[in-house]
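# Coordinate inspection notes
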Amino acid sequence: MHGSIQGFALSNKTETSLTPRQMAFRRFVSHRAAVISCVILGLLTLLVIFAPFTARYGVNESVQVPPNSFLTPRANAWLGTDDIGRDLYSRLIYGVRVSLIIGLFSALISVTIGSVVGAIAGFRGGKFDDIMMRVTDLFLAFPFLVTLLIVRNVLGAISWVQPITGEMNSVRFIILLFSIFGWMGVARIVRGQVLSLKEREYIEAARAVGASRRYIIRRHLLPNSIGPIMVALTFSVVGAITGESTLAFFGYGPQAGDGATSLGNLVGAAKGAVQTGFWWLAVFPCLMLVIIALSVNFIGDALRDATDTQLDRGI
Amino acid sequence: MIRYILRRLAWALPTMLIVTFLVYVALRVGTNPVESYKRSNPRVTPEKIQQYIDINGLDPNYVLGYFRWLNNFLNGNWPRSIKGSREVWPALKDAMANTLRLGIAATVVGVFFGLIFGLLASLRPGGRRDIAINTGAFVGISIPPYISAILLQLLFAVYWQRWFGSSLFPTSGVYPAGHTGFDLFLMLKFMALPTIVVAIQIVATYSRYLRSSLLDVLNSDYMRTARSKGISERRILIHHGMRNALIPIVTVAAIDFGSIVGGLIISENIFSYPGMGLYFLKSFSDGDFPLLMPWMVIIVASILFFNLIADISYAWLDPRIRLE
């Protein structure tokens, strides 16, 4: 109660001097779930960055001398152990590390490509725009897993992209694979934003004083689309993380051996553990994946609310 | 209107050809059919290989090969599967029947509950019920289908058995092993879990769709007019609100086909339900070109069909579109 009164007084006092960015920040902070999500993700990131200290065992290290397989959660293995006696808690930390890397990098690549392609398509229109929309329509209409598997195999079979993509079950390959998919959604969002922005007066003014297309896109359109781009970024992070775990679940993910144990590998291992009733192997990795996906989605949702209202007020 | 439909239909055929050609090339590059044929049949003679290449249209020239394949496909001259040399059509037919049953059940259940939740949420926007439903839908969208599948399986099949002696739902197949004939009750029991997994996604999306669309409608002027005429609140909601709010949803529904199939593939795999999804994953990992191509043709045709329906229903509801 006290906080809200104070907040009200504060916003009343400084109403005139708030920049749009500050207003957006306020709206973001008022989304309680998003703030909690930020805290959770921050803690997870810390846990993951300091993995050598926070994890109690190595990723492929067994907890104790055999018999050590399928131990229930206990003092020396907080979340239990898997079939060959490795600590699930430590493996989760390393798994989240790989999954976050995959999510972040492929989202960054796809947002970069998607913003450029979407901005150009939306701004120029015409043939390029038509073709791009048709292609992305088609790709997005197909069941995701089917396209993912086929594109994965095609990418792996073309020999001249091998130096860029690396081995088919490497983390690099997965990152590039999801970048190929991710940019399409981003491009559509940015295109829509640019289409609505380009009719605004200030763009017309820029054009009237003879600004080049490149200048207008770089200085006006992209900076003003930053809200939707940020939202797209969060959604492609989730898309890549859950997509990677889907792939790994069906056995097409990164190789688990050399430091590439991802959340997907752990969730995939859960498939076998379910029938035999080793619940911890299924519940904890699934829970972790759900927590990450939910947190990032909540943040994206709050970002959209924060930036959308700003547009509605016609700033 | 008829001219519009005919024009869309005239477009659908070339699109179909182009997309199947792309799929043909992608499958040939991605799964390398000749190699996988040799892998599955190690002692095969060169004549057999040549025969396999001919009937599948695996010409070195992709365009020529595609038309060879198309010719054989249209004439019903379908090659047999590379593993066990099975007929393709019976397998595909069974898979299709199973998946249609699952897909329709999940869609009906999902849309029904989705619309109910959406309606309940939009009656008092911002209220406690709205927040609960909205958060629930958000969680439902965020959870990938295989996770709900694993957790449901763990709870209802494995742990139910431990706690209560017998499992509530079976976890795999359409019928228990050795069962023959038709048994509706048994079938429903086996379908329950895979249906729920797909339906969760549908409920979550549709409750969100309906909520946003219904809120738009409820804030419009004609709703106020209806209220001022003294029509009962219930009649306003059903006759004016729902009717208009459902219009945009009908068009979205048709395009959602791809994501429902995606959910089905995952759900079928986890519950070993012998449908289109299991069919695809199995033949894909074998690199079984003769099994894969017809599957792809059916999927592409259904995607185009549902897109067509979306376009037509949109044009029917909004006459301005027809002029294009």
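Note that the coordinates shown come from a computational prediction; the quantities given were computed from them, not determined experimentally. The residue count restarts for each chain, going from 1 along the sequence in the order it is written. Chain A is the first chain written and ligand 1 is the first ligand written, with later ones labelled in order. Local features in a predicted model are, by the rule used here, given only for residues with pLDDT of at least 70; side-chain atom pairs are given and counted only at 80 or more, and totals for whole chains, interfaces and linings are based on all residues.

## Some remarks on the overall build of chain B
Each helix is a run of DSSP H or I of at least 4 residues and each strand a run of E of at least 2, with the numbering of both proceeding from the N terminus. In terms of helices and strands, chain B carries 14 helices and zero strands. The order of helices and strands in chain B, counted from the N terminus, is α-α-α-α-α-α-α-α-α-α-α-α-α-α. Overall, chain B is about 85 × 65 × 35 Å in size when its C-alpha atoms are taken along their principal axes. Once C-beta atoms are placed from the backbone, each residue is buried if 20 or more other C-beta atoms lie within 10 Å of its own, exposed if 12 or fewer, and partly exposed for counts between those two. Burial status across chain B gives 36% buried among its 324 residues.

## With respect to the overall build of chain A
Assigned secondary structure in chain A consists of 14 helices and zero strands. When its C-alpha atoms are laid out on the principal axes, chain A stretches across 75 × 60 × 30 Å. Counting only residues that meet the buried cut, chain A has 44% of its 315 residues in that class. Residues are scored as being in contact if the C-beta atoms we place from backbone atoms lie within 7 Å. Contacts in chain A between residues at least 24 apart in sequence constitute 69% of all its contacts with a sequence separation of at least 6.

## Overview of the interface of chain B and chain A
How big an interface is tends to be stated in terms of the accessible area lost upon association of its parts. Chain B puts 32 residues into the contact, and the matching count from chain A is 30 residues. Of all the elements in the fold, those that place two or more residues in the side of chain B that touches chain A are helix H1 (2–31), helix H6 (128–142), helix H7 (145–164), helix H11 (257–270), helix H12 (276–286) and helix H13 (289–317) of chain B. With nine residues, H7(B) is the single largest residue contributor to the side of chain B that touches chain A. Polar here means any residue outside two lists: the nonpolar Ala, Val, Leu, Ile, Met, Phe, Trp, Tyr, Cys and Pro, and the charged Asp, Glu, Lys and Arg; Gly therefore counts as polar. Partitioning the side of chain B that touches chain A into residue classes produces 22 nonpolar, nine polar and one charged.

## Re the confidence of the model for chain B
Taken residue by residue, chain B gives an average pLDDT of 85. The fraction at 70 or more is 96%. Across the predicted assembly, pTM comes out at 0.84 and ipTM at 0.85. Residue-level confidence of the predictor is what pLDDT reports, using numbers from 0 through 100.

## Here we look at helix H10 (residues 233–255) of chain B
Residue and element names in this part refer to chain B. Multiplying one less than the number of residues by 1.5 Å gives the expected span of a helix. For H10, with 23 residues, the first-to-last C-alpha span of 33 Å sits near the 33 Å given by 1.5 Å per residue. The term bend refers to the angle at a residue between two fitted axes, each drawn through seven residues, those ending there and those starting there. The sharpest bend along H10 measures roughly 35° and falls at Met 242. Within H10, the full set of buried residues consists of Leu 237, Gly 241, Ala 245 and Ala 253. Contact partners of the buried residues in H10: helix H8 (184–218) and helix H9 (221–228).

## Observations concerning helix H9 (residues 171–197) of chain A
Residues separated by three or four positions in an α-helix point in the same direction, a consequence of the helix having 3.6 residues per turn. All names here are of chain A. Across its 27 residues, H9 extends 38 Å between first and last C-alpha, which sits within 8% of the 39 Å expected from 1.5 Å per residue. In H9, a bend of some 30° at Ile 180 exceeds every other bend along the element. Counting buried residues in H9 gives 21 out of 27 residues, a clear majority hidden from the surface.

## Some points on the nonpolar core
To form a nonpolar core, buried Ala, Val, Leu, Ile, Met, Phe, Trp, Tyr and Cys residues must be joined through C-beta atoms within 7 Å. The biggest cluster of nonpolar side chains holds 156 residues, and the ones touching the most others in it are A:Leu92, A:Ala270 and B:Ile150. The residues touching A:Ala270, leaving out its near neighbours within four places in the chain, are A:Leu281, A:Ala282, A:Pro285, A:Cys286 and B:Ile150.

## Some words on the environment of A:Leu92
Residue and element names in this part refer to chain A. You can see Leu 92 is positioned in helix H5 (residues 88–124). Taking the number of C-beta atoms within 10 Å as the measure of exposure, Leu 92 has 22 and is therefore buried. Separated by 31 residues in the primary sequence, Leu 92 and Glu 61 have C-alpha atoms spaced 13 Å apart. Sequence-distant contacts of Leu 92, that is, excluding residues within four places in its chain, are made with Leu 79, Leu 266, Phe 284, Pro 285 and Met 288.

## Considering unusual backbone geometry
Residues and elements named next belong to chain B. Unusually for a residue other than glycine, Asn 32 sits at a positive phi of about 50°. In this fold, Asn 32 is placed in the loop between H1 and helix H2 (33–40). Here Ser 272, not a glycine, exhibits a phi torsion of approximately 45°, which is positive. Structurally, the position occupied by Ser 272 is in the loop between H11 and H12.

## Here's the deal with the packing of H8(B) against H11(B)
All names here are of chain B. A fitted line through C-alpha atoms serves as each axis, taken over the contacting stretch for helices, and the angle formed by two N-to-C directions is quoted from 0 to 180°. Across the interface, H8 lies against H11 with an axial gap of 9 Å and an inter-helix angle of 150°. One element, H8, and the other, H11, form an angle in the roughly antiparallel class. Both H8 and H11 take part in a crossing whose hand is right-handed. In this structure, H8 contributes Pro 194, Val 197, Val 198, Gln 201 and Ile 202 to the contact, and H11 contributes Ile 260, Gly 263, Leu 264, Ser 267 and Glu 268. Looking at the contact of H8 with H11 residue by residue, the classes come out as six nonpolar, three polar and one charged. We call two directions roughly parallel when the angle between them is under 35 degrees, roughly antiparallel when it is over 145, roughly perpendicular when it lies between 65 and 115, and oblique otherwise. Take the far helix as the reference: if the near one is turned anticlockwise from it by less than a right angle, the crossing is left-handed, and if turned clockwise, right-handed.

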